[in-house]
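# Descriptive analysis of the structure
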Amino acid sequence: MRTLKLDKKIINEDSNCYVIAEIGHNHQGSVEKCKEIFLHAKTAKADAVKLQKRSNKDLYTKFFFNSIYDNKNSYGKTYGLHREALEFKKEDYIELQEYAKSIDLTFFATPFDLPSVDFLENLNMPFYKIASADITNIPLIEYVARLKKPMIVSTGGATLKDIERAVNSISSINKEFAILQCSSSYPTHPSNVNLNFIKKLLEKYPDNIIGYSSHDNGIVIPITSYVLGGRIIEKHFTLDRTLKGTDHPMSLEPTGLQNLVKGLHKVKLSLGDGKKVRYPEEEAPLLKMQKKIVALNKISKGQKIKIEDLAIKSPGDGIPPYEINEIVGMEASKNFEQDEALDLDFLNK
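These figures come from a predicted structure and were not determined experimentally.

Cut-offs used in this document
- Here the residue numbering is sequential within each chain, running from 1 through the sequence in written order.
- Residues qualify for local features only when their pLDDT is at least 70, as the model is predicted, and side-chain atom pairs are given and counted only at 80 or more; totals for whole chains, interfaces and linings, by contrast, use all residues.
- By convention in this description, side-chain values take in all heavy atoms of the structure and omit both hydrogens and water.
- Secondary structure follows DSSP: runs of H or I at least 4 residues long count as helices, runs of E at least 2 residues long count as strands, and numbering of each begins at the N terminus.
- Exposed residues in this analysis have more than 50% of their type's maximum accessible area, buried residues have under 20%, and partly exposed residues fall in between, with area computed by a 1.4 Å probe over protein chains only.
- In protein, a polar contact requires one atom able to donate a hydrogen and another able to accept it; more generally it is a pair of N or O atoms within 3.5 Å, and residues adjacent in sequence count only if both atoms are side-chain atoms.
- We call two residues in contact when some of their heavy atoms are within 4.5 Å.
- Axis definition: a line fitted to C-alpha atoms, over the contacting stretch in the case of helices. Angles run 0 to 180 degrees between N-to-C directions.
- Note on angle classes: values under 35 degrees are labelled roughly parallel, values over 145 roughly antiparallel, values of 65 to 115 roughly perpendicular, and the remainder oblique.
- For any pair of crossing helices, the crossing counts as left-handed if the nearer helix is rotated counterclockwise from the farther one by less than a right angle, and right-handed if it is rotated clockwise.
- Polar here means any residue outside two lists: the nonpolar Ala, Val, Leu, Ile, Met, Phe, Trp, Tyr, Cys and Pro, and the charged Asp, Glu, Lys and Arg; Gly therefore counts as polar.
- The definitions used throughout rest on a 1 Å grid laid over the protein atoms alone, on which a cavity is an enclosed set of points accommodating a 1.4 Å probe that cannot get out and a pocket is an open set flanked by protein within 12 Å on both sides along at least five of seven lines; lining residues are those having an atom within 4 Å of a point.
- Grid points are joined across faces, edges and corners, and a volume is the space filled by probe spheres set on the points.

### A few points about the side chain of Asp-216
Looking at the secondary structure, you find Asp-216 in the loop between strand 9 (209-214) and helix 10 (220-227). Taking the relative accessible area as the measure of exposure, Asp-216 reaches 1% and is therefore buried. At a separation of 2.4 Å, a polar atom in the side chain of Asp-216 contacts the side chain of Tyr-212. Discounting chain neighbours no more than four positions away, the residues touching Asp-216 are Thr-188, Val-193, Ile-221, Pro-222, Lys-235 and Met-250.

### Considerations on the packing of helix 6 (residues 114-122) against helix 7 (residues 138-145)
Running from N to C, helix 6 and helix 7 point in directions that differ by 15°, and their axes come no closer than 10 Å. In this view, helix 6 runs roughly parallel relative to helix 7, as classed from their interaxial angle. Helix 7 is crossed by helix 6, and the crossing has right-handed handedness. Along the contact surface, helix 6 presents Leu-114, Val-117 and Asp-118, while helix 7 presents Pro-139, Leu-140, Tyr-143 and Val-144. Here the residues of the contact of helix 6 with helix 7 sort into six nonpolar, no polar and one charged.

### Describing empty space enclosed by the protein
Evaluated as defined, the whole model comprises one cavity of 30 Å³ or more. Taken as a whole, the largest cavity encloses approximately 30 Å³ of empty space. In this structure, the largest cavity is lined by Ile-135, Val-153, Thr-155, Ile-163, Ala-166, Val-167, Ile-170, Phe-177 and Ile-179. Only helix 8 (160-171) and strand 8 (177-182) provide two or more residues apiece to the lining of the largest cavity. No other element matches the four residues that helix 8 contributes to the lining of the largest cavity. Taken together, the residues that form the lining of the largest cavity break down as eight nonpolar, one polar and no charged.

Listed below in structure tokens is the structure:
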């Protein structure tokens, strides 16, 4: 059975879905706001929260770092300054780690560059996420794989060859990783989600946990991914979808995340074991709604029963309708009143 342990939880085909609240930079650069988001994620019963870590001056070219970024979502006049305003320092991460531990919530992050990997590993992150944009960044993928910690890899925008290359690179170093179907459009239109690719990933990688990184709106599509075999769901999370920032509009608010987790648990219960059984809870409703064979009019003792002597009526506490042809031609050994249920003990061949 495919299995992956993330922090304290074991994920397999029979487990509940592992739900990651992707905070990204929805904290808007505020540690206190980030803590508040952590607490709401915990209340919603998410399994983990995730941030994104960038070493911006190492990640971007000077031209890109200094490019004008002046719009309604900007936190700085250039793209680099915008990103810098949203980055947490080491002491911030330590404070957030301690807070997450105090509420028993798993906290990890996505590194976007090698210095960020070192930064996060120095803080002893329990596992790592590789963003969709880095599915082709084999040097980064292998660098993380060598840490020998579990990995989660998103596949937004990837080709089959990109996925195979990344998987081969990881698996030659580290066997503990999951693969998430994803679409790198924000928000993702349902026609671009392609959840059926989860089934192909399950077939192609039988030893790995498969999941879904959701950039679509709402909870229906993520819940459906569980039905198709996804056992990890990553969903953007915010306290207010109207806040400043590009990720807020496609994120879930606290009530939405609670509904997602509840929905996933209900779906797991509803899938069952695939065996058809009659449940005890069905007995009373079926008694009332099912039917039995009764006398249409009075049937006299010794009378040979014809089809026109019979009726099918509720409740279903007698001979079932599928036996009606067996009753026809039998002889009554007692009188039956109108609507009285026929009884095999008083019918003779």
